[in-house]
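Fold and geometry: a report
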Amino acid sequence: MPWLFKLILVVHVIAGAVALTSCWGSVLTRKGGPAHRRWGRAFTTAIYTASFMALGMGALSLRWPLAMHPQLTDAVLYRGLFGWMMIYLALLTMSMTRYGLKMVANKRDHAANRHWSMVGLQIAVLVTGTNCLVQGIWLGQPLMIGVSIIGFGTTATYLWYMFRPAPGPRDYIPEHLKAMVATGIAAYTAFLSVGLIELFPEHAFNPIIWVLPTICGVAMIGYFLRSLRGRPRAATARRAT
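On a predicted model such as this, the values are computed, not experimentally measured, just so you know.

**Examining the overall build of the protein chain**
Each helix and strand counted, the protein chain has eight helices and zero strands in total. In the protein chain, the succession of α and β elements from N to C terminus is α-α-α-α-α-α-α-α. Taking all 241 residues of the protein chain together, the buried fraction comes to 44%. Expressed as a percentage of contacts within the protein chain between residues at least 6 apart in sequence, the contacts between residues at least 24 apart total 72%. Within the structure as shown, the protein chain displays about 12,900 Å² of accessible surface, and the carbon and sulfur contribution to it stands at 71%.

Take a look at the structure:
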């Protein structure tokens, strides 16, 4: 059903384009302000839409890998790359987005972060990430191995915070920040990989290309976390004067 794949791909690309642009509105506006929340809603809606479309494309690629990607020739390899890995990455992106949103929504009710849907989504990421790792080892694809490890790390840190008995009153802020920037990293990584498939198929799974958004995103997270740590000190200094 290539026509269905193409239709889903169009929706995925449109949603991805909205996510790529709206994420900067969230980054550049005052955190917690009305504009930040509006940009954030646009970003998360687009991310959820793109992720659901990615699940559909992944499922179709599992069933008919070469029919969905006629420019390719290795059904087993691309069933793993465009099927199993895409499904895993879609769930990982949904997980990061939902976690980031719930950190703010549940800032006064930490126990709500342990809702079954939150825990269940983390388990789904672990299961599909493990499958991606196994498939990557079997296929000899370091990219699949690498992205699976990222999922293990994020899920472990999310579950650790979700089950903390009594986090501090402002601890949700860096959790929200890290999750939403990670979602932005996922959006730009997908953009680069899809673009490379169309323009330079031989470089579509070059690990260097895939890691560039992560480097930029980690730098951004570090900058904002330093800013957060500096605010209490600045407030104390103002009170002292």
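**A closer look at the pattern of salt bridges**
Two side chains that carry opposite charge are able to pair once their charged atoms sit near each other. Counted according to the given criterion, the structure contains two salt bridges. Close ionic contact of Lys178 with Glu175 constitutes a salt bridge, the shortest N to O distance being 3.2 Å. Highlighted residues: Lys178 and Glu175, both in helix α7 (residues 172–199), separated by three residues, approximately one helical turn.

**Here's the deal with the side chain of Ser26**
Checked against the element boundaries, Ser26 lands in helix α1 (residues 2–28). On the basis of relative accessibility, which here comes to 11%, the residue Ser26 falls in the buried class. Those residues in contact with Ser26 that lie beyond four places of it in its chain are Lys31, His36, Trp39 and Gly40.

**A closer look at the nonpolar core**
Leu81, Met85 and Tyr99 are the most contacted members of the largest nonpolar core, which has 37 residues in total. Put simply, the parts of the chain that give this core at least two residues each are α1, α2 (34–63), α4 (75–105), α5 (116–139), α6 (142–162) and α7. Here this core takes 15 residues from α4, the largest share from any one element. With eight residues, the next largest nonpolar core counts Ala19, Leu20, Met180 and Ala187 among its residues.

**Looking at the packing of aromatic side chains**
Taken as a whole, this structure holds one aromatic pair when the rule is applied. Judged by centre distance (3.8 Å) and plane angle (10 degrees), the ring pair of Tyr99 and Tyr158 falls under stacked. You can see Tyr99 sitting in helix α4 and its partner Tyr158 sitting in helix α6, a full 59 residues away along the chain. Tyr158 matches Tyr99 in its accessibility class, with the two residues each being buried.

**What to know about the environment of Phe152**
Topologically, Phe152 is positioned in helix α6. Looking at Phe152, the relative accessible area reads 25%, which means it is partly exposed. Taking the C-alpha atoms as reference points, Phe152 and Val127, separated by 25 residues in sequence, lie 9.8 Å from one another. Once residues lying within four places of it in the same chain are set aside, the contact partners of Phe152 are Leu126, Gly129, Thr130 and Leu133.

Thresholds, definitions, all that
- Residues numbered from 1 in each chain as written.
- Predicted model: local features only at pLDDT ≥ 70, side-chain atom pairs only at ≥ 80, totals over all residues.
- Heavy atoms only, no water.
- Helix = DSSP H or I, 4+ residues; strand = E, 2+ residues; numbered from the N terminus.
- Buried < 20%, exposed > 50% of the residue type's maximum accessible area, 1.4 Å probe, protein only.
- Contact = heavy atoms within 4.5 Å.
- Areas by Shrake-Rupley, 256 points an atom, 1.4 Å probe, with all protein chains shown as cover.
- Salt bridge = Lys/Arg side-chain N within 4 Å of Asp/Glu carboxyl O.
- Core = buried A, V, L, I, M, F, W, Y, C linked by side-chain atoms within 4.5 Å.
- Phe/Tyr/Trp six-rings, centres within 6.5 Å; stacked < 30°, edge-to-face > 60°.

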